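Next come the chains, spelled out residue by residue.
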Amino acid sequence: MRVYTNLNTLKKVKHLLKQLDLGHLLDGGEPNPNTTVSGILDKLLDEGLMEEFMQTITRDNQTDFAEMELVEMKEVISNFLSGIIEFLPESAQKILIPEASQEPSER
């Protein structure tokens, strides 16, 4: 499945990440200390932000992403992140790709 990484897509993704209290992943700002995993999951699953995110990065409004297997979603999201990772702040890279924060001797 094709993913898009242009500025319009990134603007929409940034808006979605802000709704999840994860806007710092794109702009390198400070994370919200009150953000919880359960809060993020509630927004992703109960409020439909996961489907909206998938529709945004793929420009696909026909696929029922709620029925997509998680392994397939992971592949699509990984492809999207691979396309933008080098343009993100180093702090975000370390969060999104944990091995990027390790010293070569630790790998």
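Residues numbered from 1 in each chain as written. Predicted model: local features only at pLDDT ≥ 70, side-chain atom pairs only at ≥ 80, totals over all residues. Heavy atoms only, no water.

Novice: Where do I start with the confidence of the model for the protein chain in this structure?
Specialist: As a note on interpretation, predicted positions should not be read in detail where pLDDT is low. Model confidence for the protein chain is summarised by a mean pLDDT of 86, while 91% of its residues fall at 70 or above. Averaged pLDDT values for the elements of the protein chain fall to 78 in helix α6 (residues 90-96) and rise to 96 in helix α4 (residues 49-58). (pLDDT = per-residue confidence, 0-100. Helix = DSSP H or I, 4+ residues; strand = E, 2+ residues; numbered from the N terminus.)

Novice: When you look at the nonpolar core in this model, what are you seeing that I'm missing?
Specialist: Across soluble globular proteins, nonpolar side chains show a tendency to be buried alongside one another. Ranked by size, the top nonpolar core spans 25 residues in total, and within it Val 13, Leu 20, Phe 53, Met 54, Ile 57 and Phe 80 carry the most contacts. Those elements that provide at least two residues to this core are α1 (7-19), α2 (24-27), α3 (37-46), α4 and α5 (70-84). Among residues more than four places away in sequence, those in contact with Val 13 are Leu 26, Phe 53, Thr 56, Ile 57 and Phe 80. (Core = buried A, V, L, I, M, F, W, Y, C linked by side-chain atoms within 4.5 Å. Buried < 20%, exposed > 50% of the residue type's maximum accessible area, 1.4 Å probe, protein only. Contact = heavy atoms within 4.5 Å.)

Novice: What's the story with the pattern of salt bridges in this structure? I'm lost.
Specialist: Pairing between side chains of opposite charge can happen when their charged atoms approach one another. Going through the model one piece at a time under the given rule, you end up with two salt bridges. Between Asp 27 and Lys 14 there is a salt bridge, and its shortest N-O distance comes to 3.9 Å. Residue Asp 27 is found in helix α2, and its partner Lys 14 is found in helix α1; the two are separated by 13 residues along the sequence. (Salt bridge = Lys/Arg side-chain N within 4 Å of Asp/Glu carboxyl O.)

Novice: Help me out: how do you make sense of the side chain of Thr 56 in this one?
Specialist: Residue placement: Thr 56 occurs in helix α4. A distance of 2.7 Å separates a polar side-chain atom of Thr 56 from the backbone oxygen of Glu 52. Excluding residues within four positions of it along the chain, Thr 56 makes contact with Thr 9, Lys 12, Val 13 and Leu 16. (Polar contact = N/O pair within 3.5 Å; in protein donor to acceptor, adjacent residues only side chain to side chain.)

Novice: Looking at this model, I keep getting lost on unusual backbone geometry. Mind explaining?
Specialist: Glycine aside, residues mostly have negative phi angles, and peptide bonds mostly take the trans form. One non-glycine residue, Asp 21, adopts positive backbone phi at about 60 degrees. Tracing the backbone shows Asp 21 in the loop between α1 and α2. For Arg 59, which is not glycine, the phi torsion reads 55 degrees and is therefore positive. Locating Arg 59 in the fold gives a position in the loop between α4 and α5. Of the residues examined, Arg 59 reaches a relative accessible area of 47% and is grouped as partly exposed.

Novice: Even after reading the chapter, I still don't get α4, so can you show me in this structure?
Specialist: Three or four residues apart is the spacing at which side chains of an α-helix point the same way, because the helix has 3.6 residues per turn. The element α4 is largely enclosed, with a buried count of seven among its ten residues. For α4, the full list of buried residues reads Leu 49, Met 50, Phe 53, Met 54, Thr 56, Ile 57 and Thr 58. Here the buried face of α4 lies against α1, α3 and α5. Downstream of α4 by one or two residues, Arg 59 has phi in the positive range, about 55 degrees.

Novice: Explain the packing of aromatic side chains here, please?
Specialist: Aromatic rings in a pair are described by how distant their centres are and how their planes are angled relative to each other. Applying the stated criterion across every chain yields a total of one aromatic pair. Centre to centre, the rings of Phe 53 and Phe 80 are 5.9 Å apart; their planes meet at 90 degrees, and the pair counts as edge-to-face. In this pair, Phe 53 sits in helix α4 while Phe 80 sits in helix α5, placing the two residues 27 residues apart along the sequence. Accessibility classification places Phe 53 together with Phe 80 in one group, the buried group. Seen from the ring of Tyr 4, Arg 59 lies directly overhead, with NZ or CZ sitting 3.9 Å from the centre. (Phe/Tyr/Trp six-rings, centres within 6.5 Å; stacked < 30°, edge-to-face > 60°. Lys NZ or Arg CZ within 6 Å of the ring centre and 35° of its normal.)

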